[in-house]
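What follows is the residue order along each chain.
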Amino acid sequence: MKVKLSKKDALIVVDMQLDFMPDGALPVPEGDKIVPRLNEYIKLFSSLGLPVFFTRDWHPPDHISFKEQGGIWPPHCVQNTPGAMFHPDLYIPSDNRFIISKAFSRDFDAYSGFQGTALDSLLKERGIKRVFVGGVATDYCVKNTVLGALNLGYQAFLLIDGIKGVDVQPGDSERAVQEMLSEGTVAVELSELHSTA
Ligand code: VGL
Ligand code: ZN
């Protein structure tokens, strides 16, 4: 399927932070492998003047999602620590890009980039109707961001060549993709996106 990009489109790159990379605190296997492809998406959207949103997990040191506090995860993406930084090779355009921090309060966790953030209003202010979502982890924050976008009335496209999952249980990522598709998201790859008729 060919998808023609227009000024109502935006790119959302989810949580491409060092703690989610293979050497990080909460590793997503091969999470680093999608950086070059995501950079191609970022450059495409940016070159067309379309906004690029980078979400990041941004937890306080005593966040409720951490095992010490009764949560299920090892400490990860603690605010202002090296593990919370974006992968150094991730291309961050110098303008028309937005960093969306989420789950930054001790008692509140958020897998969706829309939960407790300004993402929806930033998109709406810009007249965005369709979002293209890639990043990590397929089975957590990518899935919840895509489902959040659908719930808020956006059309959502899943960048099938620009996602990786954690697979706490084998098959979690595949099931997450199926769930996103059954809810109405459309899977696309880079070669299907174009800017002219
Ligand atoms: C995520 C687990 C915990 C994610 C964030 O970015 O998918 N996963 N916190
Ligand atoms: Zn987290």
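In what follows, the structure referred to is the one given above.
Residues numbered from 1 in each chain as written. Chains lettered and ligands numbered in written order. Predicted model: local features only at pLDDT ≥ 70, side-chain atom pairs only at ≥ 80, totals over all residues. Heavy atoms only, no water.

**Q** Please explain the coordination of the zinc ion (ligand 2) as it appears in this structure.
**A** Four donors placed tetrahedrally about a metal ideally form angles of 109.5 degrees, and six donors placed octahedrally ideally form angles of 90 or 180 degrees. Within the protein, Asp57 (OD), His59 (NE2) and His76 (NE2) serve as the donor atoms for the zinc ion (ligand 2), at 2.0 to 2.2 Å. One way to put it: the 4 donor atoms around the zinc ion (ligand 2) meet at angles of 86 to 172 degrees, and that makes the site irregular. Between consecutive donors of the zinc ion (ligand 2), the numbers of intervening residues give the motif D-x1-H-x16-H. With Asp57 in strand 3 (residues 52-57) and His76 in the loop between strand 3 and strand 4 (97-102), this residue pair connects regions lying 19 residues apart in the sequence. Accessibility classification places Asp57 together with His76 in one group, the buried group. (Donors = N, O, S within 2.8 Å, 3.2 Å for Na, K, Ca; no water. Tetrahedral: all angles 85-135°; square planar, octahedral: opposite > 155°, others 65-115°. Helix = DSSP H or I, 4+ residues; strand = E, 2+ residues; numbered from the N terminus. Buried < 20%, exposed > 50% of the residue type's maximum accessible area, 1.4 Å probe, protein only.)

**Q** What is the right way to read the site of ligand 1 from this model?
**A** Residues in close proximity to ligand 1 include Asp15, Phe20, Leu26, Asp57, Trp73, His76, Tyr111, Val136, Ala137, Tyr140 and Cys141, which together make up its full environment. At 3.0 Å from a nitrogen atom of ligand 1 is found a side-chain nitrogen or oxygen belonging to Asp57. Residue Ala137 places a main-chain N or O atom 3.1 Å away from an oxygen atom belonging to ligand 1. Summarising the interface, the protein chains cover 100% of the accessible area of ligand 1, which totals 260 Å² for the free molecule. Its residues assigned to classes, the shell around ligand 1 shows 8 nonpolar, 1 polar and 2 charged. (Near = heavy atom within 4 Å. Polar contact = N/O pair within 3.5 Å; in protein donor to acceptor, adjacent residues only side chain to side chain. Areas by Shrake-Rupley, 256 points an atom, 1.4 Å probe, with all protein chains shown as cover. Nonpolar A, V, L, I, M, F, W, Y, C, P; charged D, E, K, R; others polar.)

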